[in-house]
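The chain contents come next:
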Amino acid sequence: MPKKKLRFPPIQRPAKVGNDETLKLESLPPAETTVWLPENATSSRGLDFDKHYGQGCDVVVYAAQRVVDKMARDSLSSDGRTLSPATIGAYFHQGMRHFLPFCAVMASALRRELELDDIDREFIDLFVAHLAQSDASKQTQRTRYRHAKSVLFAMGQSGWLAKDIFPRNPYPNANRLHKGDKPLSEPEYKKVIRAINTSLQAILTGSGPLTSRELVTCLMGIIVRTGINPSPALELRTDCLSRHPVKSDRYVLTSFKRRGNATHIQSLRRTSDIESIVNAVPKVAEIIDHVRDRNASIRQASRYPDLLFVYESRGGGQHHGNLCRLSGTFLNTQIHAFVDRHQLLDADGQPLQLNATRLRTTFVNRLFDLSGGNPVLTAELAGHTPKVSNDHYLEAPESAEKDWRLMGEVRTDELLNQGKIEQLPTENTPVAKCQDTLHGRFAPGNGNEHCQQFLACFRCPHFVVTGEDLYRVYSLYWILVRMRNKLGAKRWAKIYRHIIRIIDNEIAPQFDDDQVRSVRERARVDPHPFWRDPEMLGSEYVA
């Protein structure tokens, strides 16, 4: 008997779906259980729902398959403008791959077939609790939940689930638990650049079609110099370069960034003397020209005539001779092989952890330094928002945490009364006291001018803090705290955080708690006149 075709008419209900008889058909599972994604830069092509059927939740599995299939078809018809194939793949691999087995567990616990009515707020709370019982980190739990939620929300838009079943925020402050890949340290960065340049020099003096391994090296050279996101980099087109409208020695690299439907443009300098390529560090424009010219015949014979990174497979087996495009999975695999070939090690002597995203993160942090610590300009040049820069890219240098210590001394009344500290003469400063304002470590040194480097006091051996100085110390404290939003997290950490930490950890504990709390609050509400105006910091913040 032929299977009956399923029809899913949209059902509009304000609360929850009360009837899913149309889904309980003997035709489940369907004849086709795989959702096929459009061509994309990842290795994800077919999303197979087959193993999730027959586990007591077929109706839920089929509804999920239907909405994922619609996402894939919409992506194909819009050329990825709705949702990219990579995003849809992530919804399945990182979302449904964890949610559907949980549905099977719940069906077993209920000892009956799971229905769409069962997926309510309590069900979602149990799913969150189920994720918490896994060995995954909080960040990974949140990722799995959010990807599953995206599919469930689409099911709700189709009228198959209620729309008010999700908790407001089951993972508060999750962004604070994890940043993206850390940027390479300066020694690591130099090693990577040296290895890339060495490989590129050999590539750019060669001839004939480029292999997949050589294309990956070229792509690494582009990413490390532009900070372009891996997916747009893999999808660069042959016409991604154009002449700069103003500067004759520059070209413009244009890449399409799927998220946000935005175009990302970067200006690149290129060497005019072609003979210098061998000896000088290759520029991005030369790399792109080289890839385009040497693989032109392969590209034209392939299904991807407009994509830059296309190659002929030279591996053994059934894929030998296939004309392929670089994928994200293959890129990271080859980067690991690149690390092995060049024996790139980290500070602990272990193989360097390297991927395309870490190259981008390093670029953004170097861009931050070159911009003078301007978080807004950095975010604009990197193609994202300042919040994204702060949350996922920018890293405060380690020296801001570990190098600064209080170099002066704290004189409490108790120690002075017991004669344990000699009462040497001091002079008041806007911060606290100083034993020698004319000849201190940061004084001009001419014997005539007094030291004005007030923020450097905490690193000066002539610095002295007594109980009567706490009001000025905490007045400075609060003005520095307020500078964080103005400067951005990384630059603030580099310049000011060591002062906050010294006050909190090395000065305050030596005084009575009640005294510290009282003075701290007084300074917050009514700061010392010298520290009421942020302009008083002047050039001191670079001290």
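Quick caveat, the model's predicted, so the values are computed rather than measured. (Residues numbered from 1 in each chain as written. Predicted model: local features only at pLDDT ≥ 70, side-chain atom pairs only at ≥ 80, totals over all residues. Heavy atoms only, no water.)

### Observations concerning helix α10 (residues 328-342)
Working step 1: Between its terminal C-alpha atoms α10 stretches 21 Å, which fits the 21 Å expected from 15 residues at 1.5 Å a residue.
Working step 2: Those residues of α10 that sit buried are Gly-328, Leu-331, Gln-334, Ile-335, Phe-338 and Val-339. Angular distribution of buried residues about the axis of α10 spans 155°; they occupy a single face of the element.
Working step 3: The first or second residue beyond α10 is Gln-343, which carries a positive phi of 50°. (Helix = DSSP H or I, 4+ residues; strand = E, 2+ residues; numbered from the N terminus. Expected span 1.5 Å × (residues − 1). Buried < 20%, exposed > 50% of the residue type's maximum accessible area, 1.4 Å probe, protein only. Arc of directions from axis to C-beta.)

### Details of the nonpolar core
Working step 1: Ranked by internal contacts, the top residues of the largest apolar core, which has 48 residues, are Phe-49, Val-60, Phe-99, Leu-116, Ile-119 and Met-155.
Working step 2: Contributing elements (two or more residues each) for this core: α1 (58-77), α2 (85-110), α3 (121-132) and α4 (138-157).
Working step 3: The dominant element in this core, judged by the number of residues it contributes, is α2, at 11 residues.
Working step 4: When near neighbours in sequence (up to four residues on either side) are disregarded, Met-155 contacts Val-60, Ala-63, Ala-64, Val-67, Leu-116, Trp-160 and Leu-161.
Working step 5: Counting 42 residues, the second-largest nonpolar core is a separate cluster that includes Leu-184, Tyr-189, Leu-200 and Ile-223. (Core = buried A, V, L, I, M, F, W, Y, C linked by side-chain atoms within 4.5 Å. Contact = heavy atoms within 4.5 Å.)

### Focus: the packing of aromatic side chains
Working step 1: For the structure on display, the rule yields 11 aromatic pairs.
Working step 2: Seen from their ring centres, Phe-102 and Phe-127 are 5.5 Å apart, and the 45° between their planes marks the pair as tilted. One end of the pair, Phe-102, is in helix α2; the other, Phe-127, is in helix α3, and 25 residues separate them in sequence.
Working step 3: For Phe-102, a relative accessible area of 4% gives the class buried.
Working step 4: Ring centres of Phe-530 and Trp-531 lie 4.8 Å apart, and the angle between their planes is 80°; on these two criteria the pair is classed as edge-to-face.
Working step 5: Residue Phe-530 is classed as partly exposed on the basis of its relative accessible area of 23%.
Working step 6: The class for Trp-531 is buried, based on a relative accessible area of 2%. (Phe/Tyr/Trp six-rings, centres within 6.5 Å; stacked < 30°, edge-to-face > 60°.)

### Brief notes about the pattern of salt bridges
Working step 1: This structure, assessed with the given rule, holds 15 salt bridges.
Working step 2: Residues Arg-292 and Asp-289 are paired through a salt bridge, measuring 2.6 Å at the closest nitrogen-oxygen approach. You can see Arg-292 and its partner Asp-289 sitting in helix α8 (residues 284-294), 3 residues apart, about one turn around the helix.
Working step 3: Residues Arg-292 and Asp-293 are paired through a salt bridge, measuring 4.0 Å at the closest nitrogen-oxygen approach.
Working step 4: On the basis of relative accessible area, Arg-292 is assigned to the partly exposed category, the value being 23%.
Working step 5: The structure contains a network of salt bridges with shared partners spanning Lys-433, Glu-468, Asp-469 and Arg-472. (Salt bridge = Lys/Arg side-chain N within 4 Å of Asp/Glu carboxyl O.)

### As for the confidence of the model for the protein chain
Working step 1: Averaged over all residues, the pLDDT of the protein chain equals 76, while 72% of them reach at least 70.
Working step 2: pLDDT under 50 marks residues 1-24. Its contacts with residues more than four places away, or in other chains, come to 41 contacts. (pLDDT = per-residue confidence, 0-100.)

### Description of α8
The periodicity of an α-helix, 3.6 residues per turn, causes residues three or four positions apart to be oriented the same way.
Working step 1: For α8, the buried fraction is high: 9 of the 11 residues fall into the buried class.
Working step 2: Within α8, burial applies to Val-284, Ala-285, Glu-286, Ile-287, Ile-288, Asp-289, His-290, Val-291 and Arg-294.

### Details of the packing of α3 against α4
Each pair of packed helices can be summarised by the angle the axes make with each other and by the distance between the axes.
Working step 1: At a minimum axis separation of 10 Å, α3 and α4 run at an interaxial angle of 150°. Viewed along their axes, α3 and α4 adopt a mutual orientation that is roughly antiparallel. The interaxial crossing formed by α3 with α4 has right-handed handedness. Here α3 contributes Ile-124, Phe-127, Val-128, Leu-131 and Ala-132 to the contact with α4, which in turn contributes Gln-141, Arg-144, Tyr-145, Ala-148 and Leu-152. (Axes fitted to C-alpha atoms, helices over the stretch in contact; angles between N-to-C directions. Parallel < 35°, antiparallel > 145°, perpendicular 65-115°, else oblique. Left-handed = near helix turned anticlockwise from the far one by under 90°.)

### Focus: unusual backbone geometry
Working step 1: In this structure, Arg-111 takes a positive phi of about 60° despite not being glycine.
Working step 2: Relative to the elements of secondary structure, Arg-111 occurs in the loop between α2 and α3.
Working step 3: By relative accessible area, Arg-111 is classed as exposed at 79%.
Working step 4: Non-glycine residue Gln-343 carries a positive phi angle of around 50°.
Working step 5: Structurally, Gln-343 can be placed in the loop between α10 and α11 (356-370).

### Section: the pairing of strand β11 (residues 463-466)
Working step 1: Because side chains alternate across β11, one face comprises the buried residues Phe-463 and Val-465, and the other comprises Val-464 and Thr-466, equally buried.
Working step 2: Bridging between strand β10 (residues 433-434) and β11 involves 2 bridges; their strand directions are antiparallel. Bridge pairing in β11 links Cys-434 to Phe-463. (Pairing = 2+ DSSP bridges.)

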